[in-house]
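Examining the three-dimensional arrangement
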Amino acid sequence: MMATSSGTSHNRSRKPKEQCGSCPNRFSKDKRQAAAEDSDTTEVESSTDEEERWKEVARAAEIPADYYNIQKLVKYIKAGNQTATIVSLCCLKDYDLSTQINQFAISDIGGLDVLVNILECSDTKCCLGALTVLSDITLNIDIRKTIVDLDGIPLIVDILNSSMKDLKTMAAETLANVCKVRLARKYVRTCGGIPKLVDLIDIKLSILKTPRDQLSADDLESLDMTRAGARALFSLADSKHNMEQMRKSGIVPLMAQLLKSCHIDVVIPIMGTVRKCSSEPKFQLAITTEGMIPDIVSHLSSENTELKMEGSTAIYKCAFDGNTRELVREAGGLEPLVTIIKDKNIRDNKPLLRGATGAIWMCAVTDANVKVLDQLRTVNHLVALLNDECDEVLTNVTGALSECVRFQSNREHLRQAGGLPAMVSLLNSSHAPLLENLAKGLKECAEDPESMRILEDLDAVRLIWSLLKNPTTRVQAHAAYAICPCVRNANDSAELVRSLVGAMELVVGLLKSKDIMVLSAVCAAIATIAQDQTNLAILTDLKVIYKLADLVQTTDDLLRMNLAAAVAACACFGNNTEELGRLRTVTPIVTYMTSDNPLVHRSTAMALEKLSMDPQNCITMHQSGVVPFLLECIGSTNKELQLAAAGCLRNIRELALRAEEYLLKIDDD
């Protein structure tokens, strides 16, 4: 190929070209101008000042002879004919193009322009040589950006239409590197490259299951092409738009097939693609329905840590679904996950540790999985990770523990393993997801009397209460829920609450929150705190019933349940019952009985029983049609609900009898 077919001046100004038999007879405009005219080109593709300084330092170092030799070869490519071009490209491959100084040698003399121009050539040998060089030098981030600026993406995508496997392989390898740039990922999609890359990974299952040394030359080419396509799709999967395009192009069944491969270099990129795509709900369902879970689980026992990381993280993301959690257990996935977190040699591998602990956390949501984890002494292994310095790992570990300690046996295991002091010390963290999981876990532990004694000694209640000041609403909510068992099971809980300066003011203040979950949790905490008459008096002085009255119009069942419980606890102090009636809370609370949730019925009946102590409230309840609901509740199997409903009916009936007696007395007079 002649220089004129690929050569150009450094400023990319095009001149009429002499032609050889392998060069296209066309003149193209400046590619940078084409990129600038593309309305989608919004990303600034320039290096940062820091990157420029590093490049200057690298150039300032002693320049080796290879630097000048490589530049001579680039000049030969510019000035030579077709044969000289091919020979020069082959000679370039003899140098280590992964080193930065050699990459500078090519870019400094305008070699990237030349290589991109060669991709327009119809000569397959020239294109293959150029792609081979590009696949190596695009490991450099600046070169990737330059390739995008030179409008090289459409040319590389167009090569994927070739009938030559080795040409398509090198094109895919180059895209795998270049598509780590965001704008490149967008260009591949807009140029229609994703369906072409998906086609590259469509390979016979027999090739995937046959060892490399037993494959024919043609099968090896097919396998290499599949590996390159998988790597390119892995890079492209960083974009949600690309993931959706990949799904529509039929990648899901092909991913399921590739996971069955015995070739690790093929499985790793496709497992990485599965991991990235599993963050999307449509892919989560597809991964389960296509039967990928057993294959993902099988790779968790691999010797390759990267493969284990990708697999465990994929399970972590998919296991939000209950069916997936069941499939993981049935496929024997819990055992290798626990084996990973037991291995002290991988403690420095945070991505792997994060993936494995996250997968265990999600799987522990299912009760049957917790039983298997108990047999593997998982709680003890998780406690050993509570001293990790990575917030994400700690979040997953505490999340897994919070699910495990729903069972009393695991509360004992956690206590015996010394996990409580470690968890309490983490309450000083500022990482919101970690604090949320700590609050959930300590809430369960506080249900155990022995654990509660330890928590009191560690001053855990004060630290949990301080989480109510956290700006994250989920932390506030779970902290408020954790306060309930702490107050209920603490020694002299009433005095404990009063000893915390500003504690009740903080709780009442959160009733102004706009978050339903926070309001519900705070109402539950108030219902618990108000069991003590002195605390109830303080809450009343803080105008708690007025703030509760502002919430009665809610339609959320969880808030209804806890709000009714708070009203029931606060109504029986002083004139709170009459005041709640005056604030018109009775009729809205009666409507709670229309809920389908029996727990709402229970707390509502308890609130109505307390409110019915006031005659005017009884009249309001009767007018609101509460009697049929209460009669139905008397037939419930829940004793608390039965008693509360019966008590409310008794109060209404007593008022009616007194009114009847009064009327009879008037008639007699």
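An unreviewed UniProt entry annotates the protein as Armadillo repeat-containing protein gudu of Drosophila yakuba.

1. With respect to the environment of Cys486
Note that Cys486 resides in helix α33 (residues 473-489). Judged by relative accessible area, Cys486 falls into the buried class, the value being 1%. Along the sequence, Cys486 and Ala525 sit 39 residues apart, while their C-alpha atoms lie 9.9 Å from each other. Among all residues touching Cys486, those that are not within four sequence positions of it are Ala446, Met452, Val461 and Ile464.

2. A closer look at the state of the cysteines
Using the criterion set out here, one finds zero disulfides in the structure. Cys90 provides the cysteine sulfur closest to Cys91, a residue in no disulfide bond, and the two sulfurs are 6.9 Å apart. Judged by its relative accessible area of 27%, Cys91 is partly exposed.

3. Quick word on the pattern of salt bridges
A complete count under the given rule lists 31 salt bridges for this structure. Notably, a salt bridge pairs Arg411 with Glu444, separated by 3.2 Å at the nearest N-O pair. Remark: Glu444 occurs in helix α30 (residues 432-445) and Arg411 occurs in helix α28 (residues 408-416); sequence separation between them is 33 residues. Exposure class is identical for Arg411 and Glu444. Each is buried. Residue Glu456 is joined to Arg453 by a salt bridge in which the shortest nitrogen-to-oxygen separation is 3.0 Å. Taken as a pair, Glu456 and Arg453 lie in helix α31 (residues 449-457) at a separation of three residues, close to a single helical turn.

4. Description of helix α43 (residues 615-623)
For α43, every residue scored as buried is listed here: Asn617, Cys618 and Met621. One face of α43 carries all of its buried residues, which in axial projection span an arc of 105°. For α43, exposure combined with an orientation more than 90 degrees from the buried face picks out His622 and Gln623.

5. Some points on the environment of Lys240
You can see Lys240 is positioned in helix α16 (residues 240-248). For Lys240, a relative accessible area of 59% gives the class exposed. Separated by 40 residues in sequence, Lys240 and Glu280 have C-alpha atoms that sit 8.2 Å apart.

6. Details of the nonpolar core
Leu175, Leu197, Ile296 and Trp465 are the most contacted members of the largest nonpolar core, which totals 220 residues. The residues contacting Leu197, other than those within four sequence positions of it, are Leu160, Ala172, Leu175, Val188, Ala232, Leu233 and Leu236.

7. Some words on the side chain of Asn369
As for its placement among the helices and strands, Asn369 is situated in helix α25 (residues 367-375). Judged by its relative accessible area of 0%, Asn369 is buried. Once you skip the residues sitting within four places of it in the chain, Asn369 turns out to touch Arg325, Arg329, Leu334 and Cys363.

8. Brief notes about helix α6 (residues 100-108)
Residue pairs three or four apart in sequence face the same way in an α-helix, which turns once every 3.6 residues. Of the residues making up α6, those classed as buried are Ile101, Asn102, Gln103, Phe104, Ala105 and Ile106. In the segment just after α6, Gly110 is the residue with positive phi, at about 85°.

9. As for unusual backbone geometry
One can expect most non-glycine residues to show negative phi and most peptide bonds to be in trans. For Asp151, which is not glycine, the phi dihedral falls at a positive 60°. Checked against the element boundaries, Asp151 lands in the loop between α9 (141-149) and α10 (152-159). Accessibility expressed as a relative area gives 22% for Asp151, which makes it partly exposed. Of note, Arg584 is a non-glycine position whose phi angle comes to about 60°, a positive value. Along the polypeptide, Arg584 turns up in the loop between α40 (576-582) and α41 (586-590). Residue class for Arg584 comes out exposed when judged on its relative accessible area of 69%.

Rules used in this analysis
Residues numbered from 1 in each chain as written. Predicted model: local features only at pLDDT ≥ 70, side-chain atom pairs only at ≥ 80, totals over all residues. Heavy atoms only, no water. Helix = DSSP H or I, 4+ residues; strand = E, 2+ residues; numbered from the N terminus. Buried < 20%, exposed > 50% of the residue type's maximum accessible area, 1.4 Å probe, protein only. Contact = heavy atoms within 4.5 Å. Disulfide = S-S within 2.5 Å. Salt bridge = Lys/Arg side-chain N within 4 Å of Asp/Glu carboxyl O. Arc of directions from axis to C-beta. Core = buried A, V, L, I, M, F, W, Y, C linked by side-chain atoms within 4.5 Å.

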